[in-house]
Structures are given as C-alpha cells and as structure tokens.
Amino acid sequence: MNLLVKNATTADIPLIQELTEIIWRPTYKDLLTPAQIEYMLDMMYSTTALTKQMTELQHQFLLLYDDATPIGFASYSTLDTPGIYKLHKIYVHGNYQGKGVGKFFMDTVTDRVKTAGAQILELDVNRENKARFFYEKQGFSILKNKDTDIGNGYLMTDYVMQKPL
C-alpha cells in the first residue's frame, strides 16, 4: 500500500459522492432505515450540502488514496470553543479496514488539527456504530450522549467523543 492524503475542493464533490455510495451506505444499512439513509444522504452529501460545508462552514475535506485509487474521505473544522476541533466525517473503504489504514488516516487528521492549534478533537458517532470501538482505540472517550432531531421525524442518537491532543 502507498497511502497518501490530499486536500479536497469543491471540484472533488463528485468523487466524495462516489465514495459515499461505496462506503457510507453499507456502513449504515443495518443501523438506519432505507428511508432515513436516503434522507441523510441528501441532507449531508448532496452537491449543495457539500458545497456549503466546504465554503460557508469552512470544513476541511481530505481524500485518502492508495496510489491513485481513492479509498476514503474525512472532514473537520473548528468549533466555537477555542482549541476544540470537530471531526465530522472519516470513512475508509471496507476492503482497507482492519489493516491500519483508518489509524493512518486518523493520525493524519490529528496531526493537521494539532498543527492548526487544536487541543481536543471531538466527534459524534451513532451509539450502535461499531466504529466507536475504533475511536476508543485511537484515544477517544465518551463525553456524553447526544440526540439530534434532523427533521422528517428522524433522530440521530450519538455519543460525543473527545480525544485530548
């Protein structure tokens, strides 16, 4: 494997959407109803939503490659509290999970936010998502439960996790 990370721009939105179909949908197929998956894909991964995240909300998106093959993406941003950054998304293709690739990608994000001045990295994870155990291995711990009404009768039931940097 030859892993490399590149900054993404709005020109990369179609690639992020393609990776979303390959990675995000299978991740949540056993956790959410098909209707909620479609609703959330539109809410978070439509061209309009991704453009807003990249431009107005100042989320930094990263693309992960194995040589020239795109295999994952992540995004992060600052929060209103100084020194705390939020990891909004981190996804790695299923064929690469369990091989140290997720750790490499998380370490890359951690290094970037530390360089930018972060003292804490925070994320939300669905309380039923097995990724929580990966995050715990990376030094995150559960801070609190968080239930978010995302509209259309859907509720996101998450843990807020933090990692000191």
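Residues numbered from 1 in each chain as written. Predicted model: local features only at pLDDT ≥ 70, side-chain atom pairs only at ≥ 80, totals over all residues. Heavy atoms only, no water.

## Concerning helix 1 (residues 13-28)
In plain terms, the rule: One axis is fitted to the seven residues ending at the residue and one to the seven starting there. The bend at that residue is the angle between these axes. Counting from the N terminus, the helices are the DSSP runs of H or I reaching at least four residues and the strands are the DSSP runs of E reaching at least two. Partly exposed residues are those whose accessible area sits between 20% and 50% of the maximum for their type, while under 20% is buried and over 50% is exposed, using a 1.4 Å probe and protein chains only. Any two residues having at least one pair of non-hydrogen atoms within 4.5 Å are treated as being in contact.
When the local axis directions of helix 1 are compared, the greatest deviation, roughly 40°, occurs at threonine 20. Those residues of helix 1 not exposed but buried are Ile13, Leu15, Ile16, Leu19, Thr20, Ile23, Trp24 and Tyr28. Those residues of helix 1 that are buried are in contact with helix 2 (34-45), helix 3 (47-55), strand 2 (60-66), strand 3 (69-78) and strand 4 (84-92).

## Describing the sheet that holds strand 2
The condition is simple: At least two bridges found by DSSP between two strands are what make those strands a pair. To obtain an axis, a line is fitted to C-alpha atoms, over the contacting stretch when the element is a helix, and the angle between two such axes runs from 0 to 180 degrees between their N-to-C directions.
The sheet built from 7 strands is open, its strands ordered 1-2-3-4-5-7-6 with mixed pairing. Edge positions in the sheet fall to strand 1 (3-7) and strand 6 (141-151), since each has one partner strand and no second. Along the sheet, successive strands turn relative to each other by an average axial angle of 30°, direction set aside. Pairing between strand 6 and strand 7 (residues 154-164): 9 bridges, direction antiparallel. Paired with lysine 146 across the two strands is aspartate 158, which belongs to strand 7.

Shape is all these values report; function is a separate question.
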